[in-house]
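Residues per chain, in single letters:
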Amino acid sequence: MGVTSEAGAVLEQVRKVRQVRQYRPDPVPAEAVDQLLEIARWTGSSRNTQPWHFIVIRDKETLRRISQLRPPINWVADAPMAIAIVLDGASQLSEAYDEGRVTERLLIAAQILGLGGGVAWFGDASQEAEAKRILGIPDDRTARSVVTIGYPKSIRDPRPNPARAGRKPISEIVSYERFGQTSA
Ligand SMILES: Cc1cc2nc3c(=O)[nH]c(=O)nc-3n(C[C@H](O)[C@H](O)[C@H](O)COP(=O)(O)O)c2cc1C
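About the criteria used
Residues numbered from 1 in each chain as written. Predicted model: local features only at pLDDT ≥ 70, side-chain atom pairs only at ≥ 80, totals over all residues. Heavy atoms only, no water. UniProt positions renumbered as here; feature names shortened; annotations may be inferred. Helix = DSSP H or I, 4+ residues; strand = E, 2+ residues; numbered from the N terminus. Rg over C-alpha atoms; globule rule 2.2 N^0.38 Å. Buried < 20%, exposed > 50% of the residue type's maximum accessible area, 1.4 Å probe, protein only. Areas by Shrake-Rupley, 256 points an atom, 1.4 Å probe, with all protein chains shown as cover. Lys, Arg positive; Asp, Glu negative; His and termini not counted. Charge placed at Lys NZ, Arg CZ, Asp CG, Glu CD. Near = heavy atom within 4 Å. Polar contact = N/O pair within 3.5 Å; in protein donor to acceptor, adjacent residues only side chain to side chain. Nonpolar A, V, L, I, M, F, W, Y, C, P; charged D, E, K, R; others polar. Salt bridge = Lys/Arg side-chain N within 4 Å of Asp/Glu carboxyl O. Pairing = 2+ DSSP bridges. Axes fitted to C-alpha atoms, helices over the stretch in contact; angles between N-to-C directions. Contact = heavy atoms within 4.5 Å.

The chain is annotated in an unreviewed UniProt entry as Nitroreductase from Sphaerobacter thermophilus. The chain has a UniProt comment under Sequence similarities (unreviewed entry) that states "Belongs to the nitroreductase family."

Laid out in structure tokens, this is it:
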């Protein structure tokens, strides 16, 4: 059976999820934030530990201080809001995986709601510690990133050294049956 047009449209939405670093100033409605948090809450995690806590940040001064942790995240200052992902700190490896899963869900849900999202990593250990101070996060928790949310103004990367755009072709990243076997 082929892909229905409805399924195709959903897949196209997911495929088109991009990192948004430039936002319109309009606030994100509270109802949309609640929906994002509900999607995040239902993310699967290692042994269903649900090792996360989310901090909804709308305060401009807090966003500005986070944006100053390092130049590649200076665009965070102009986002209308962000959600910080705080991990329990019990298992670094599985929590890093869980953090990636929940982040991607937030980005996809934002896109479906007509919003956009962006990942901003705090940086090295001292920058993470500073982010924790800014957000009042206890020392024994892990905090690496925020996901900014807002109505997209542009998906252009405004940084002086933008990340490479586009994606590698399927032929370069897929094998069949054994590594390096490039045809089915
Ligand atoms: C783990 C991770 C950390 C990232 N950290 C940052 C960051 O600190 N600053 C930033 O501008 N983009 C950051 N990004 C976004 C990537 O640069 C972006 O996903 C990639 O360039 C692809 O962008 P596109 O989907 O718009 O093509 C991060 C992405 C991931 C997955």
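After presenting the structure, the write-up continues.
Engineer: Break down the overall build of the chain for me, citing the residues and quoting the values.
Structural biologist: For the chain, the count of helices and strands is six helices and six strands. Listing every helix and strand of the chain by position from the N terminus yields α-β-α-β-α-β-α-β-α-β-β-α. What you see for the chain is a C-alpha radius of gyration of 18 Å, in line with the 16 Å of a compact globule of 184 residues. Across its three principal directions, the C-alpha atoms of the chain cover 50 × 35 × 35 Å. Counting only residues that meet the buried cut, the chain has 37% of its 184 residues in that class. Counting every atom, the chain has about 11,300 Å² of accessible surface; 53% of that belongs to carbon and sulfur. One way to put it: in the chain the 25 positive side-chain charges average out to a point 5 Å from where the 22 negative ones average out.

Engineer: I'd like a description of the site of the ligand, backed by residues and values.
Structural biologist: Neighbouring the ligand are 13 residues; Arg18, Arg21, Arg70, Arg159 and Arg167 lie closest to it. Note that an oxygen atom of the ligand is positioned 2.7 Å from one of the side-chain N or O atoms of Arg70. Contact with the protein chains covers 70% of the free accessible surface of the ligand, which is 630 Å². Here the residues of the shell around the ligand sort into seven nonpolar, one polar and five charged.

Engineer: Any chance you could break down the pattern of salt bridges for me, citing the residues and the numbers?
Structural biologist: Scanning all chains against the criterion turns up eight salt bridges. Here Arg24 ties to Asp26 by a salt bridge, and the two come within 3.4 Å at their closest N and O atoms. In this structure, the salt-bridge partner of Asp157 is Arg159, at a minimum N-O distance of 2.8 Å. Residue Asp157 is classed as buried on the basis of its relative accessible area, which comes to 12%. Each member of the salt-bridge network shares a partner with another, and the members are Arg21, Asp157 and Arg159.

Engineer: How would you explain the sheet that holds strand 2 (residues 52–57) if you had to name every residue and give the values?
Structural biologist: In any sheet, the strands associate via hydrogen bonds between backbone groups, in a parallel or an antiparallel arrangement. In space, the four strands of this open sheet follow the order 2-3-5-4, with antiparallel pairing throughout. Of all the strands in the sheet, just strand 2 and strand 4 (116–121) have a single pairing partner and so form its edges. The sheet shows a mean angle of 25 degrees between the axes of neighbouring strands, direction not considered. Contacts from helix 2 (residues 30–41) reach strand 2, strand 3 (81–87) and strand 5 (142–150), with the element oriented near 165 degrees to strand 2. The strands that helix 4 (residues 92–112) touches are strand 2, strand 3, strand 4 and strand 5; relative to strand 5, the one it contacts most, it runs at about 5 degrees.

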